[in-house]
Amino acid sequence: MKKKWVHIIIISVVFLYLFLPLAATFLYSIAKEWHNTILPVSYTFSAYENLYTDPRFLQAVGRTLLISGITLVLSVVTMATATFVVFMYLPKMERVLQALVMIPFAVPGVVAAVGLIKVYSSGPIILSGTIWILIGAYYVLVLPYMYQGIRNNLRTIDAKRLMEAAEVLGASKIKGFAFVIMPNMVTGILLSALLSFSILIGEFVLANFLIGGYYETIQVYLMRRLNENGHLASSIVITYFLTVAAISWMMLRLGRRFGKTEEIKEKIS
Amino acid sequence: MSYVQIDQAFKQYADSTVLKQVSLQIEKGELVTLLGPSGCGKSTLLRSIAGLEKLDGGTINVNGNDISHLPPQFRNVGMVFQSYALFPNMTVFDNIAFGLKMRKWPRKEITDKVKHIIELIHMSDKASSYPHQLSGGQQQRVALARALVTEPDILLLDEPLSALDAKIRKSLQIELRNIQRELKMTMIFVTHDQEEAMTISDRIFIMNGGEIVRQGKPEDIYASPKNEFVARFIGSYNVFTSQELNCMTGHSFKSGNYAIRPEVMELHPHDSLSEQQKSGMWISGIIRNMTIRGNVRRYTIQAQDITLWVDELNVPQKSALDEGLFIKVWLSEDECNLLE
C-alpha cells in the first residue's frame, strides 16, 4: 500500500514537470490580459485565428504535407518492395540493407545538408533549391524507420510461409504478394509511415539548409514567426504539440492492432 | 510406373548433403509417411515435391508427368504446413476458396465446392470466422480443407499435427485417415513421431542422414526393423551385441547386433519354478526402475552390467513388481532379430 503511494507521487511529479510548461504555454496562447495574477484575467483565441487564417501558414502546411507525402509514397513503394525481396529471396543481402539504413544515424544533419548542397549545386544533376533535394534527403532520413517497421512486419506475419502456401495453392509470386502478403503488411507499413511522418514534420536542419526560404515549409515558417509575438509563438507550439500528439495516438492505436496480429500469429503457430 | 516416382533426388546446402540420391515410389490412393529424426531430410524431400526447394539432381514424376522443374503453382500438389499458414486477412471461406480463385473457377462453382468441403470438415458454422478466432484443431482442419479443395494430384503434409495437444492430435489422425480413404487421395505425411506414423500410414519410409534406411508396411517395419537405427527409432527396442546376449543367456549367438522388442519378454519371480516348465532362454536380473506408460508398465532390468527394458501389460489383476526385486526374464530365441 505504501509502495503504491510512492508510485503515484513519482508519476504525478513527472506528469506535472512535463505538462505544466505545456499548460502554461497553452494558457498564454489564449490569454488576452495576464500580468500579475496566477491565471489570465481574460481569454481570446485571436492568436490561433491569426495563425490559421495566415495564408503563409496554410501554404507552408500544404508544402510540408506535399514533401512528406511524396517522400513517404516513394519510401513505402521502394522499401516495401526491396525489404520484401531481400527478406524472401536474398537473405544474404540483408546485412547490406541494414548497413545502408544506418547511414542517417551516422551522418549528422548539418554535414548531410552541406554535402548534398555541394554535390547537387553543379554537375550532371542540379537539384539545389528545388524540393527534390529535400525529398531525397528526407527519403534517406526515414529509411531506418521504414525498413525496420516493414521487416518486423514480415517476420511477424511469417511472410515466407504465407507466400509458400499461396504459391502451392496456385498463385504467382506477384499475386501472392498482392493478395496475401500486402494486406497483412498494411498495418506495419502505416505504422512506419506515421512514425516517419512525425519525424519529418519535426525536422528543421535539412529543411532550413536545403531549401529554406525558397520553399517555406511549416518548420521554417514556425521558426520565423516564433520571434514575432509571444501569444502567436505559444499558439504555434500548441498546434505543433497537438499535431504530433494526434499522430502518436494513431500510432499507438495501430501498434495495438499490430500487437494483436502478433498474438494471432502466435496462436496460429 | 508408379503414381509418384522419385528417382535419385539429390540436394546439397553448402557443405552438407541433405538428400543422398533418394528414390521412392508411391501408388495412387496410398498414404505414406516419411519418418525420421530432425534434420534427416524428410521435410526437404517434401518441399522438393511441392517445388519449394530446387533439387540439385534427380527427377520427380507425378501421374506420369515430370514436375521436377515446374514452379509450385503448376505442380497441382496440395500442402499442409506445420504452422498451418492460414491467411490471417481472410475468413475460413476465403482461405479455402483462395486456390480455386487462383485457378479462375467460376464464382458459383467456387461457392458450392467450398461449402461442400466446409461441411466435410464439420465447420459450416465457422465459415465467416478469421483464423485467430479458431482453435488449433479447427485451424488445422481449415488448412487441410484449403489444400484438398483444389483436388491436387497428391497432398503433402509437413508435420501438420505436431503443434496440437495429444487428444486433438489423435482425433485428427483418425479424421485425416477417414478423409483420405473417402477421397482416395494420395498423401505424403512427414512426421518424427513413430506412433503417429504407425497409426495412419499404409507404408512408412524411414529416413536418416538424407537416405531412406527402411521402407514397408508399419507392421512389417515394427516386427522386423532390419537395422539398428530403425530398431532404436521405431519402438525403443533392446539392441544387444551377440557377446552381450551370450553373456546374459548363456547361449551362443551368431556374431552381430540383435534387436528384441520389450513386450516379447516375460518377467518371473526369481524363485519360481517356471524355468523348468517353459523352454526358452532365461536371464537373471534385478529391477532397477518401473514407469507406467498408460496401458503398459516398463521395467528397467539390470542383468550383470547390461540394461534391458521389459514391457508388461498394465492390468489390475497383476500388481506391479517392486524396484530392487531379483527376477528372471524369459525370452524366446525367435524374438532375437539379427540386424544388418
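Structural data are supplied above this passage.
None of the values given here were measured: they were computed from a predicted structure.

**Describing the overall build of chain A**
Logical step 1: The helix and strand inventory of chain A stands at 12 helices and 2 strands.
Logical step 2: The helix and strand sequence of chain A, counted from the amino end, reads α-β-β-α-α-α-α-α-α-α-α-α-α-α.
Logical step 3: A globule of 269 residues ought to have a C-alpha radius of gyration of about 18 Å, yet chain A, at 23 Å, is considerably larger.
Logical step 4: C-alpha atoms of chain A, sized along the principal axes, occupy 75 × 70 × 30 Å.
Logical step 5: A buried classification covers 39% of the 269 residues belonging to chain A.

**Section: the packing of aromatic side chains**
Logical step 1: Tallied over the entire structure, the rule returns 13 aromatic pairs over all chains.
Logical step 2: With centroids separated by 4.5 Å and ring planes inclined at 50°, the aromatic side chains of A:Phe84 and A:Phe177 adopt a geometry described as tilted. With A:Phe84 in helix 3 (residues 55-89) and A:Phe177 in helix 9 (residues 173-202), this residue pair connects regions lying 93 residues apart in the sequence.
Logical step 3: Note on B:Phe253 and B:Tyr258: the rings are 5.2 Å apart at their centroids and 65° apart in plane angle, and the pair reads as edge-to-face.
Logical step 4: Note on B:Phe253: relative accessible area 10%, which makes it buried.
Logical step 5: Residue B:Tyr258 is classed as buried on the basis of its relative accessible area of 5%.
Logical step 6: Against the face of A:Phe87 rests A:Lys160, its NZ or CZ located 5.1 Å from the ring centre.
Logical step 7: Seen from the ring of B:Phe87, B:Arg146 lies directly overhead, with NZ or CZ sitting 4.5 Å from the centre.

**Let's talk about the pairing of strand 7 (residues 154-158) of chain B**
Residues and elements named next belong to chain B.
Logical step 1: With respect to burial, strand 7 is a largely interior element, 5 of its 5 residues being buried.
Logical step 2: Of the two faces of strand 7, both are covered, the one formed by Ile154, Leu156 and Asp158 as well as the one formed by Leu155 and Leu157.
Logical step 3: One ladder, built from 4 bridges, connects strand 6 (residues 77-80) with strand 7; its direction is parallel. When the sheet's bridge partners are listed, Val77 is paired in strand 7 with Ile154.

**Describing the sheet that holds strand 12 (residues 257-260) of chain B**
All names here are of chain B.
Logical step 1: The strand order 11-12-18 describes an open sheet built from 3 strands, whose pairing is antiparallel. The strands lining the two open edges of the sheet, one partner per strand, are strand 11 (238-241) and strand 18 (337-338).
Logical step 2: One ladder, built from 2 bridges, connects strand 12 with strand 18; its direction is antiparallel. Bridge assignment links Ala259 to a residue of strand 18, and that residue is Asn337.
Logical step 3: Strands strand 11 and strand 12 of the sheet are contacted by helix 9 (residues 242-249), whose axis makes an angle of about 95° with strand 11.

**A closer look at the interface of chain B and chain A**
Logical step 1: Listed by partner, the interface residues are 27 residues for chain B and 21 residues for chain A.
Logical step 2: In total, chain B and chain A occlude about 2200 Å² of area from one another, counting both sides; carbon and sulfur atoms represent 66% of this.
Logical step 3: Of all residues in chain B, B:Gln73, B:Met102 and B:His132 give up the largest surface area on contact with chain A, accounting jointly for 24% of the area buried on that side.
Logical step 4: Across the contact surface, chain B and chain A share 1 salt bridge.
Logical step 5: Measuring nitrogen to oxygen at the nearest pair gives 2.6 Å for the salt bridge that ties A:Glu164 to B:Arg47.
Logical step 6: At the boundary of chain B and chain A, one finds 5 residue pairs in polar contact (both at pLDDT 80 or more).
Logical step 7: Elements supplying a minimum of two residues to the side of chain B that touches chain A: helix 1 (42-50), strand 6, helix 2 (92-102) and helix 4 (136-148) of chain B.
Logical step 8: Taken together, the residues of the side of chain B that touches chain A break down into 16 nonpolar, 7 polar and 4 charged.

Rules used in this analysis
Residues numbered from 1 in each chain as written. Chains lettered and ligands numbered in written order. Predicted model: local features only at pLDDT ≥ 70, side-chain atom pairs only at ≥ 80, totals over all residues. Heavy atoms only, no water. Helix = DSSP H or I, 4+ residues; strand = E, 2+ residues; numbered from the N terminus. Rg over C-alpha atoms; globule rule 2.2 N^0.38 Å. Buried < 20%, exposed > 50% of the residue type's maximum accessible area, 1.4 Å probe, protein only. Phe/Tyr/Trp six-rings, centres within 6.5 Å; stacked < 30°, edge-to-face > 60°. Lys NZ or Arg CZ within 6 Å of the ring centre and 35° of its normal. Pairing = 2+ DSSP bridges. Contact = heavy atoms within 4.5 Å. Axes fitted to C-alpha atoms, helices over the stretch in contact; angles between N-to-C directions. Buried area = accessible area lost by both parts, 1.4 Å probe. Salt bridge = Lys/Arg side-chain N within 4 Å of Asp/Glu carboxyl O. Polar contact = N/O pair within 3.5 Å; in protein donor to acceptor, adjacent residues only side chain to side chain. Nonpolar A, V, L, I, M, F, W, Y, C, P; charged D, E, K, R; others polar.

The values are spatial; any link to function lies outside them.
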